[in-house]
Amino acid sequence: MSAKILRGRVLTFVDEPQGADDNSAYRYFEDGAVAVDGGKVVAVGEFNEALKLALPKAEVVDHRPKLIMPGFIDTHIHYPQMQVVGSYAKDLLEWLNTYTFVEEQRFADAAHAARIASAFFDELIRYGTTTAAVYCTVHPQSAEAFFAEADKRNLRMIAGKVMMDRNAPEGLLDTPQSGYDDTRRLMETWNGVGRLNVAITPRFALTSTPEQLEMCQDLARLFPDAYIQTHVNESLGEIAFAKELFPNLPDYVGVYEHYGLLGPKTLLGHCIHMQDREIELMYETGSVAVFCPTSNLFIGSGLFDRQRMKDGNVRIAVATDIGGGTSYSMLRTLDEGYKVLQLRGQRMSPLESFYMMTLGNARALSLEHSIGTLEAGADADIVVLDARAVPHMALKMEHVDTLGEELFLLQTCGDDRVVAETYVAGEAAKAGLSADYPHP
Ligand code: GUN
Ligand code: ZN
């Protein structure tokens, strides 16, 4: 891990922006630099003699006039769904049954899982994402393959073996006991290794029996610091089915409440069709609502109500949800998020968007001291953005005068082409991606 000084225009958030012009929410250095060594940021600020003294022998990598930011964070994504993206279905349940539950069965094959895991990390890096909260499949070998590849690449990743013991094809079912045992073994093998964390991952209430949810609760007691990730209130058909399966519980979030699965490390995907009581419950437990705009639009699930969540003081994150989602890019994701909120009359400023894909998502994962920031001591996971990398964007840049305008252009038109480089633990990772694609 070689010492480097990355020179360029540096942007890092220090808090959630309160409005479009809140320049107290970030630090910005026009001729800035980030000094990195041993996989960590050791200094950030103006590119001057004092900063250079932090690492006197370091190579200076000149990224001017590009924008240097913390690597993007994706808080909900399914790596086994790379080959599900773009599947034509009328709604969530048809999409799951027709495509997703068929595709995921292929991950019983460890070699297939390894191939897709490698392609998956290539894609994240290509799009500037350096940390993700990831669903594997029900097969423990899918999680093994994922963690082995993430560890090899020195990435900070959170992932779990999906637990599901009903309402899916035979080849995709575990049992309460095997789901418990496999998750426990993964915890003991991988949690805390390198920069990896294992998440307790019941797919959603529809595919877990009460017995399985009880065993998830046992896991949550055994590993009280563990992440818990699942889905809730994504589509109306799903909610009606949840009501049939748990008729004695007050609502869908109430199922997870009943089994002790809510808390500050709980990530609930979607949260679109919410009851007031459910919002209250999420606030009281500190659970995180994960907004997945490209997925919600593509599957036709509904429009996330960010303002209602904010009014209820619920913590909010944002994510791609590949393969219901349609892009690996957090820029594309926030662009669609912007449009969802426009339709709701809830405009979101570019400062808020870029906060969300960096420090905001880091806070949602309780990792704000390690990622989502370029302050000294943070992991050196960094993205370098070039708003002039696409010809029509370069033309538009002739009329861009402010940082907010540049960010908004990057969000509205940007994708992997504007990601000039992605650093993982201080090492350039995008430059080294194989041109030989798709993977053999
Ligand atoms: N609900 C349960 N499983 C899934 C999934 O794989 N994708 C989405 N979008 N919703 C789900
Ligand atoms: Zn999902």
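Above: the structure in question.
Since the structure is predicted, the reported quantities are computational estimates derived from the model, not experimental observations.

Draft legend 1. Representation of the environment of G8 within the structure. Relative to the helices and strands, G8 resides in strand β1 (residues 4–13). The sequence separation of G8 and V61 amounts to 53 residues, and the corresponding C-alpha distance is 8.8 Å. The contacts of G8, once residues within four sequence positions are left out, are F29, E30, D31, G32, A33, H63, R64, K66 and I68.

Draft legend 2. Molecular detail of the coordination of the zinc ion (ligand 2). Protein-derived coordination of the zinc ion (ligand 2) comes from H76 (NE2), H78 (NE2), H231 (NE2) and D321 (OD), at a distance range of 2.0 to 2.4 Å. Coordination at the zinc ion (ligand 2) is irregular, judged from the four donor atoms that bind it and the angles of 90 to 165 degrees they form at the metal. Here the donor residues for the zinc ion (ligand 2) map to a single chain with the spacing H-x1-H-x152-H-x89-D. Of the two residues, H76 is situated in strand β5 (residues 72–78) and D321 in the loop between β13 (315–318) and α12 (330–343); the sequence distance between them amounts to 245 residues. With relative accessibility at 2%, the residue H76 sits in the buried group.

Draft legend 3. Molecular detail of the sheet that holds strand β15 (residues 419–424). With respect to topology, seven strands assemble into an open sheet ordered β3-β2-β1-β4-β14-β15-β16, the strand pairing being mixed. Of all the strands in the sheet, the pair left with one neighbour each is β3 (40–46) and β16 (427–428). Of the strand pairs in this sheet, β1 and strand β4 (residues 59–70) are connected by six bridges, and their pairing is parallel. Residue pairing across strands places I5 opposite V60, the latter belonging to β4.

Draft legend 4. Region of interest: the pattern of salt bridges. Following the criterion strictly, the structure yields 34 salt bridges and no others. The salt bridge involving D379 is made with R156; its shortest N-O contact spans 2.7 Å. One end of the pair, D379, is in the loop between α13 (350–364) and β14 (382–385); the other, R156, is in strand β7 (residues 156–160), and 223 residues separate them in sequence. The buried category is assigned to R156, whose relative accessible area is 12%. R332 is paired through a salt bridge with D335; the nearest N and O atoms lie 2.5 Å apart. Within this pair, R332 and its partner D335 are both found in helix α12, separated by three residues, close to a single helical turn.

Draft legend 5. Region of interest: the pairing of strand β6 (residues 129–135). Among the seven residues of β6, seven are classified as buried, and the element is accordingly described as predominantly covered. Alignment of β5 against β6, held across five bridges, turns out to be parallel. Counterpart to I73 in the pairing with β6 is T131. Once the chain exits β6 it traverses helix α4 (residues 140–152) before rejoining the sheet at β7, and the crossover so formed is right-handed.

Draft legend 6. Structural view of helix α9 (residues 276–285). Every buried residue of α9 is accounted for by E278, I279, L281 and M282. Buried residues along α9 cover an arc of 160 degrees about the axis, so they all sit on one side. For α9, the exposed residues lying more than 90 degrees away from the buried face are D276 and E284. Buried-residue contacts for α9 involve α8 (252–258), β11 (266–270), β12 (288–291) and α11 (306–311). Once α9 ends, the next one or two residues include G286, with phi positive near 75 degrees.

Draft legend 7. Representation of empty space enclosed by the protein in the model. Inspection of the entire model under this criterion finds two cavities of 30 Å³ or more. The volume enclosed by the largest cavity comes to roughly 110 Å³. Forming the boundary of the largest cavity are 13 residues, of which L92, W95, L96, H231 and E234 lie nearest the centre. Looking at the lining of the largest cavity, the elements that each hand over two or more residues are α2 (92–103) and α10 (293–299). Taken as a whole, the second largest cavity encloses approximately 30 Å³ of empty space.

Draft legend 8. Region of the structure containing the side chain of T130. In this fold, T130 is placed in strand β6. With relative accessibility at 2%, the residue T130 sits in the buried group. When neighbours within four sequence positions are excluded, T130 is seen to be in contact with G71, F72, L155, R156, M157, D381, I382, T422, Y423 and V424.

What counts and what doesn't
- Residues numbered from 1 in each chain as written.
- Chains lettered and ligands numbered in written order.
- Predicted model: local features only at pLDDT ≥ 70, side-chain atom pairs only at ≥ 80, totals over all residues.
- Heavy atoms only, no water.
- Helix = DSSP H or I, 4+ residues; strand = E, 2+ residues; numbered from the N terminus.
- Contact = heavy atoms within 4.5 Å.
- Donors = N, O, S within 2.8 Å, 3.2 Å for Na, K, Ca; no water.
- Tetrahedral: all angles 85-135°; square planar, octahedral: opposite > 155°, others 65-115°.
- Buried < 20%, exposed > 50% of the residue type's maximum accessible area, 1.4 Å probe, protein only.
- Pairing = 2+ DSSP bridges.
- Salt bridge = Lys/Arg side-chain N within 4 Å of Asp/Glu carboxyl O.
- Right-handed = clockwise from strand over helix to strand, strands pointing away.
- Arc of directions from axis to C-beta.
- 1 Å grid on protein atoms, 1.4 Å probe; cavity = no way out; pocket = protein on both sides within 12 Å on 5 of 7 lines; lining within 4 Å.
- Points joined across faces, edges and corners; volume = space filled by probe spheres on them.

Taken by themselves, the reported measurements are silent on function.
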